[in-house]
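# Survey of secondary and tertiary structure
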Number of protein chains: 2
Amino acid sequence: MKKIYFDYASTSPVDPLVIKAMEPYFSQAFGNPSSPHALGREANKALEESREKVARLIGAVPEEIIFNSGATEGNNHVLEEIIPSLKREANHVIVSSIEHHSVLEPIESLRAKGFNITFCPVDPEGLVNVDHLRKAMSEKTGFIAVMHASNEIGALQPIREIGQLARERKILFLADACQTIGHIPVNVKDFACDFLSFSAHKFYGPKGVGALYVRRGVNIAPYFRGGDQERGRRASTQNVAGAVGLAKALEIGHSQMGQEAAEQTKWRNRLLREVPKLIDGVKVNGHLTNRLPNNAHFSFDGLGSEALLMSLDMAGICASMGSACTSGAMEPSHVLRAIGLSDELAFGSLRISLGRWTTEEDIECLLKELPQIVRRIRI
Amino acid sequence: MKKIYFDYASTSPVDPLVIKAMEPYFSQAFGNPSSPHALGREANKALEESREKVARLIGAVPEEIIFNSGATEGNNHVLEEIIPSLKREANHVIVSSIEHHSVLEPIESLRAKGFNITFCPVDPEGLVNVDHLRKAMSEKTGFIAVMHASNEIGALQPIREIGQLARERKILFLADACQTIGHIPVNVKDFACDFLSFSAHKFYGPKGVGALYVRRGVNIAPYFRGGDQERGRRASTQNVAGAVGLAKALEIGHSQMGQEAAEQTKWRNRLLREVPKLIDGVKVNGHLTNRLPNNAHFSFDGLGSEALLMSLDMAGICASMGSACTSGAMEPSHVLRAIGLSDELAFGSLRISLGRWTTEEDIECLLKELPQIVRRIRI
């Protein structure tokens, strides 16, 4: 059976052009970029060209880019190396209540170690209220983390205003751009962020590689120790093919961004509009317009996500409840709780995320199947 | 110009069969293994089959294998999560003085935090003396790290005896198998180790992926936090293609091990025998027989490695001083110091490491070029 993939927010296929760009770095230009010989220099050249490309596309300079294994590492790196280094008089930290677990879990350990943490709530549409955030700030605030867009409900945060607020007060600011980079504009200067984390596999690059932007002038201790790679900020032989793939994927993303975002926005709006018409007892989650172009998120009355996803799966439709990282979880999503959903509604959720290979027919098929399936389950 | 590659210990080309095995997991079976839908299950199946394969090939069970980004992560993970959790009455740690920096650097930070560390010396041939190690052990020893083989001088450590000693005393034991796995037999039961770290790119797998064996019954806190992947021991979307590639590379390594090791041993012995005959003032480093099949390591009187490597490079020969991770270093190698070499000799070192695509002609070429180059530089 042909599969219809509506889980691009969880991971995406690698673009064939990305695979092609990576290929030479597996068996031909395979050197260790730290080796001074010809094969090492060739690998290093590819690595540094990829770094330059990534830097240019996000408004950074090359030495601000650390290649790593992905955003979980990036987020952990920033939280575990930066927060403990904050001065005593600036050890208040603010994070949005809808951050990814790779931010929230390290934050919980830091809280246990005596750091003063404020979880900034979001409004019912999933947006951080900038006034609220401003009020939460104090002279002791040293660090803020707010993601660019929610991986679950797609709400696009007022990241530029938050960055501005943080910059004016000299507060370090981490923006998790996992869901946005390669899909919509992401620029570290616009964001006024000090750290930006992302993974290649969310924008048609390979799994297992990502990057962390660290603003020039901000010192960060290495997360991996034992080698001088990445200017001493991440030991370990660099994944050259992965870095080349990440850079290529970002380049393709940028070149097709306008057109893809427009098309996905059109389909997303159709879903947000038609699903509640076709099915009773549906709530659209997240903001209607301040929203990822590719995200539609619903909660259904009287219905469990598990049964819904299983039935969709049997119809060849791959979708998700919200976050693959916690898909085995028995707890309702912290994001859906944060927007005020009841546990019952939270457990009846569906995330549809679109991507480069989504077609009009896929949307038609979903709009045909979903109402039937929901009706069947609800009986 | 055709390149002759003698730097397999630094990194290796990906075997074409490994690339072939990985390919379907880039764009076809590309799902997130944590996703419950068909594409996720397909990816998860490949991941778990790879885990089973790796486990079987090293004498482990699948749940003892954590896929990660490589041995630097693995070594850091063990040192930073296990040592701080040692009970006060078992906070003495022994590491060999020739460990990789990804062991030594975290150890230095732990020492600064008050852990009691003993660096176990090696004899002039680079071997840890088991009697010496036994004497260094006390009732307070809780952890030992000894690598299976030196990445620089190739000395194969008496890992089974060390493991036995540790096991009898209930001391946790980390064996870094970066240079050996896929090349010579590595079995966690034989080694009696609690942890084993390795990277795929050292045995014809891709860069950016590795695995950490953690013996069943040993609890290790996650190094990356924020997801339940790898049984809660390593958050982050798994690199499925990478894990498949690692497992395939290990499988190929095992199937060709006897023949490859025999051939490389023959060539290695020829180099160890002939280079000192062809060139005056040469010292062979490392043990002559307790040695990696693919490693030949020399120090030359009155000669700088940099000039030597550059001249070899100009002749199309890629070789190394010892470790790519520290190739920019101005300090003499800690390994060469540990075997008692003078700084002058240490700075005149050359590591020749052989691999799957080394040919008789490559060896001939080296034996022809090296004496000429050394003579030219020494003038």
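Our subject is the structure listed above.
Predicted model, so just to flag it, every value in this text is computed and none were measured. In every chain, residue numbers begin from 1 and rise along the written sequence. Following the order in which they are written, the chains are lettered starting with A and the ligands numbered starting with 1. For this predicted model, a pLDDT threshold of at least 70 governs which residues receive local features, and a threshold of 80 or more governs which side-chain atom pairs are given and counted, while totals over whole chains, interfaces and linings are taken from all residues. Side-chain numbers here rest on the full set of heavy atoms in the structure, without hydrogens or water.

On to the interface of chain A and chain B. Residue contacts are counted whenever heavy atoms from the two residues lie within 4.5 Å of one another. Chain A puts 57 residues into the contact, and the matching count from chain B is 57 residues. Here the quantity called buried area is the total loss of accessible area, with a 1.4 Å probe, experienced by two parts when brought into contact, counted for both. Across the chain A to chain B interface the summed buried area is about 4,700 Å²; carbon plus sulfur atoms make up 57%. Its largest share of buried area at the contact with chain B, chain A owes to A:Phe26, A:Lys207 and A:Arg225, together 14% of the area lost on that side. Whenever a carboxyl oxygen of Asp or Glu lies within 4 Å of a side-chain nitrogen of Lys or Arg, that contact is scored as a salt bridge. Counting the contacts that link chain A with chain B gives four salt bridges. Of the charged contacts in the structure, one is a salt bridge between A:Asp313 and B:Arg41, with a shortest N-O distance of 2.6 Å. A 3.5 Å cut-off defines polar contacts: any pair of N or O atoms within that distance qualifies, except that in protein one atom must be a possible hydrogen donor and the other a possible acceptor, and neighbouring residues in sequence count only when both atoms are side-chain atoms. Our count for the chain A to chain B interface comes out at 25 residue pairs in polar contact (both at pLDDT 80 or more). Per element, the largest residue contribution to the side of chain A that touches chain B is five residues, and it comes from helix 5 (residues 101-112) of chain A. Note on conventions: DSSP H or I runs of at least 4 residues are helices, E runs of at least 2 residues are strands, and numbering of each starts at the N terminus.

Residues and elements named next belong to chain B. With five of five residues buried, strand 8 (residues 210-214) lies mostly within the body of the structure. The rule is simple: take the accessible area with a 1.4 Å probe, protein chains only, and divide by the maximum for that residue type; under 20% is buried, over 50% is exposed, in between is partly exposed. Every second residue of strand 8 is oriented toward a common face, with Gly210, Leu212 and Val214 on one face and Ala211 and Tyr213 on the other, all of them buried. We call two strands paired when DSSP finds no fewer than two bridges between them. Sheet topology places strand 2 (residues 65-68) next to strand 8; four bridges connect them, and they run antiparallel. Counted as the bridge partner of Phe67 is Ala211 from strand 8. Here strand 7 (residues 195-199) pairs with strand 8 via five bridges, running antiparallel. Directly across from Ser197, in strand 8, lies its bridge partner Leu212.

A word on the packing of aromatic side chains. Ring pairs shown here join Phe, Tyr and Trp side chains whose ring centres sit within 6.5 Å, with only the six-membered ring taken for Trp; geometry is labelled stacked below 30 degrees between planes, edge-to-face above 60, and tilted in between. Summed over all chains, the structure comprises 21 aromatic pairs over all chains. Note on A:Tyr223 and B:Phe224: the rings are 6.0 Å apart at their centroids and 20 degrees apart in plane angle, and the pair reads as stacked. Taken together, the residues span two chains, with A:Tyr223 in the loop between strand 8 (210-214) and helix 9 (229-232) and B:Phe224 in the loop between strand 8 and helix 9 (229-232). On the basis of relative accessible area, A:Tyr223 is assigned to the buried category, the value being 2%.

All quantities given are derived from atomic positions and should not be read as evidence of function.
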